[in-house]
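# Architecture at a glance
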Amino acid sequence: MCIRDRVYSLRRNYRMSDDYRPKFGRTVIRGDLWKGFYQDMGNVSKEGGVAFTNGKKPVRLMSQLIKWANNAPDPIILDFFGGSGSTSHAVMEMNAADGGRRQSITVTNNELGRAASDALRFAGRFPGDPEWEVGGVFEKITRPRLETVVTGLRADGKRVSDGLAENVSFYKLTYEDEN
């Protein structure tokens, strides 16, 4: 990659902001001064049709961070700690809004919270057992959220949106015996 590819042109740095009252100018990350941030955090539990109490971030915040990091219409965004799937949700909404071709790779495990894993172990259930796997973060939160964003239907059949014209594939990564 040459240095020319690493420098943003003025056209890519000056655009309409996504502030509460949008204005044209150089876009910057706003952090704590971002108007509406507290309102977004207050409504974050409603995003994506899934409850997730540990670190769920607002879609609008994730969209802003993606724009700030790379405003190209076709980057690949990698989220190694996918949790509730907010980053992929943001990417899908951004593509729908501007016709972009962004791709998102979300990696998450299927771990359980301490109380749930302790209760299952006490009942004689362990990782790999169906009762264990169904309660993990991927199966209970991430997958249903991303499916809801695409289809507009929650797992319980309730319609929450019209859905988005996106493709989603799920892959299971496992540890393999080296032999």
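Residues numbered from 1 in each chain as written. Predicted model: local features only at pLDDT ≥ 70, side-chain atom pairs only at ≥ 80, totals over all residues. Heavy atoms only, no water.

### Some details on the pairing of strand β4 (residues 103-106)
With four bridges connecting them, strand β3 (residues 76-79) and β4 associate as parallel partners. Residue pairing across strands places D79 opposite T106, the latter belonging to β4. Note on the crossover from β3 through helix α4 (residues 86-98) to β4: the handedness is right-handed. (Pairing = 2+ DSSP bridges. Helix = DSSP H or I, 4+ residues; strand = E, 2+ residues; numbered from the N terminus. Right-handed = clockwise from strand over helix to strand, strands pointing away.)

### As for the packing of α4 against helix α7 (residues 137-151)
The contact between α4 and α7 brings their axes to 10 Å, and the two run at 10°. Relative to α7, the element α4 is oriented roughly parallel. Considering only the axes of α4 and α7, their crossing is right-handed. Counted together, S86, S88, H89 and M92 of α4 and R145, L146, V149 and V150 of α7 form the full contact between these two elements. Split by residue class, the contact of α4 with α7 holds four nonpolar, three polar and one charged. (Axes fitted to C-alpha atoms, helices over the stretch in contact; angles between N-to-C directions. Parallel < 35°, antiparallel > 145°, perpendicular 65-115°, else oblique. Left-handed = near helix turned anticlockwise from the far one by under 90°. Contact = heavy atoms within 4.5 Å. Nonpolar A, V, L, I, M, F, W, Y, C, P; charged D, E, K, R; others polar.)

### A look at the confidence of the model for the chain
Averaged over every residue, the pLDDT of the chain is 80; the share at 70 or more is 72%. Within the chain, helix α2 (residues 37-43) has the poorest average pLDDT of any element, 60, and β4 the best, 94. (pLDDT = per-residue confidence, 0-100.)

### Overview of the packing of aromatic side chains
Aromatic ring pairs are defined here through the distance separating the ring centres and the angle between the ring planes. Scanning all chains against the criterion turns up one aromatic pair. Seen in terms of ring centroids, F138 and F170 are 5.8 Å apart; in terms of plane orientation they differ by 70°. Their pairing is edge-to-face. Placement of F138 in helix α7 and of F170 in the segment after α7 is noted, with a sequence separation of 32 residues between them. The ring of F170 carries R143 above its face, with NZ or CZ at 4.5 Å from the centroid. (Phe/Tyr/Trp six-rings, centres within 6.5 Å; stacked < 30°, edge-to-face > 60°. Lys NZ or Arg CZ within 6 Å of the ring centre and 35° of its normal.)

### A closer look at the pattern of salt bridges
If charged atoms from side chains of opposite charge come close, those side chains can pair. A complete count under the given rule lists six salt bridges for this structure. Between E131 and R125 there is a salt bridge, and its shortest N-O distance comes to 3.4 Å. Under the relative-accessibility criterion, R125 is labelled partly exposed at 32%. Ionic contacts of the salt-bridge type, sharing partners, join the residues E139, R143 and E147 into one network. (Salt bridge = Lys/Arg side-chain N within 4 Å of Asp/Glu carboxyl O. Buried < 20%, exposed > 50% of the residue type's maximum accessible area, 1.4 Å probe, protein only.)

### What about the nonpolar core?
With seven residues, the main nonpolar core is built from V59, M62, I66, I77, A90, V91 and M94. Counting residues per element, the ones that place at least two in this core are α3 (59-69) and α4. Dropping the residues within four chain positions of it, V91 is found in contact with I66, I77, R102, Q103 and S104. (Core = buried A, V, L, I, M, F, W, Y, C linked by side-chain atoms within 4.5 Å.)

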